[in-house]
Amino acid sequence: MQLDDTHIRMLELLREDGRASVAALAEHLGISRSNAYARYEAMVRAGVLKGVHAEIEPATVGLGVAAMVFITLRQSQWADFRARLSSVPELEYFAVTTGEHDAMMLIRAPDVAAIHELVATRLAQWPSIKATTTVFLMDEERSDVSLRMARSERTSVEDSGERFGMTRFVRTSDERAQRVPERRGR
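Because the structure is predicted, anything quoted here is derived from the model rather than measured. (Residues numbered from 1 in each chain as written. Predicted model: local features only at pLDDT ≥ 70, side-chain atom pairs only at ≥ 80, totals over all residues. Heavy atoms only, no water.)

Time to look at the pattern of salt bridges. What the rule picks out here adds up to nine salt bridges. Put simply, Asp4 and Arg39 hold a salt bridge, and the shortest N to O gap is 3.0 Å. With Asp4 in the segment before helix H1 (5-16) and Arg39 in helix H3 (residues 33-45), this pair connects stretches of sequence that are 35 residues apart. Accessibility expressed as a relative area gives 29% for Asp4, which makes it partly exposed. (Salt bridge = Lys/Arg side-chain N within 4 Å of Asp/Glu carboxyl O. Helix = DSSP H or I, 4+ residues; strand = E, 2+ residues; numbered from the N terminus. Buried < 20%, exposed > 50% of the residue type's maximum accessible area, 1.4 Å probe, protein only.)

So, about the sheet that holds strand S2 (residues 91-96). Pairing is antiparallel in the open sheet, where four strands are placed in the order S2-S3-S1-S4. In this open sheet, the two edge strands, each paired with only one partner strand, are S2 and strand S4 (129-136). On average, adjacent strands in this sheet sit at an angle of 20° to one another, irrespective of strand direction. Summarising the sheet, S2 and strand S3 (residues 103-109) pair through five bridges and their orientation is antiparallel. In the strand pairing of S3, Phe94 is matched with Met105. (Pairing = 2+ DSSP bridges. Axes fitted to C-alpha atoms, helices over the stretch in contact; angles between N-to-C directions.)

Another point: helix H5 (residues 112-122). Taken residue by residue, H5 has Ile115, Leu118 and Val119 as its buried positions. Buried residues in H5, looked at end-on, bunch into an arc of 80°, giving them a common side. Facing away from the buried side of H5 by more than 90 degrees, the exposed set consists of Ala113 and His116. Where H5 is buried, its residues touch strand S1 (65-73), S3 and S4. (Arc of directions from axis to C-beta. Contact = heavy atoms within 4.5 Å.)

Looking now at the layout of surface pockets. Empty pockets left among the atoms are what a rolling probe the size of a water molecule brings to light. Its volume calculated, the largest pocket comes out at about 1300 Å³. Taken together, 32 residues line the largest pocket, and the ones lying closest to its centre are His53, Ala54, Glu55, Arg142 and Asp144. Of all the secondary-structure elements, those providing two or more residues to the lining of the largest pocket are H1, S1 and S3. When residues of the lining of the largest pocket are assigned to their parent elements, the largest contribution, three residues, is made by H1. Of the residues that constitute the lining of the largest pocket, the class distribution is 16 nonpolar, five polar and eleven charged. (1 Å grid on protein atoms, 1.4 Å probe; cavity = no way out; pocket = protein on both sides within 12 Å on 5 of 7 lines; lining within 4 Å. Points joined across faces, edges and corners; volume = space filled by probe spheres on them. Nonpolar A, V, L, I, M, F, W, Y, C, P; charged D, E, K, R; others polar.)

Chain-level pLDDT for the protein is 85 on average; 80% of the residues reach the 70-or-more range. Confidence over residues 154-163 falls short of pLDDT 50; this stretch has seven contacts with residues more than four positions distant or in other chains. (pLDDT = per-residue confidence, 0-100.)

This brings us to the side chain of Arg39. Among the residues examined, Arg39 registers a relative accessible area of 15% and is labelled buried. A polar contact is formed between the side chain of Arg39 and the side chain of His7, at a distance of 3.2 Å. Of the polar contacts made by the side chain of Arg39, one reaches the side chain of Asn35; its length is 2.8 Å. Aside from chain neighbours lying at most four places away, what touches Arg39 is Asp4, Thr6, His7, Met10 and Ile31. (Polar contact = N/O pair within 3.5 Å; in protein donor to acceptor, adjacent residues only side chain to side chain.)

Here is the structure:
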């Protein structure tokens, strides 16, 4: 589905208030209710809108500790690993990753002991998991990615220095940075 500026503005409004009525969306967007409804339904059918959810502050419901568990798997046992994910009620987010680890789980629990029990006792029993590394989150900031970014002009990979796969940033000393010659021909 090709999203125009009105679709993007509608998505931004829904991010702010997922309970906004179609009539309210139409009024904010300066379009008819039937146009707003048709756009909304088209985005649902296309999978752009997957649902409307309540955003909950984890600590206020007793989930005060969060950790990322990086997982190294036995490669022949991906199916077993994926099948077991639904048995982890602490799981908030899962991703297959590149680099040193195969996957990452964001988990939330009431305390450090609960995360330790999950990782050291329950996950350790999974035959598909070869190793884990747990990183506790000390502070979090959530921000929605700009929907307009996808529509902007991108620079080439060569010009932007963008690399695909695992990335690592290492700051050089100011002295070393000053010795790097400028690129010519630009």
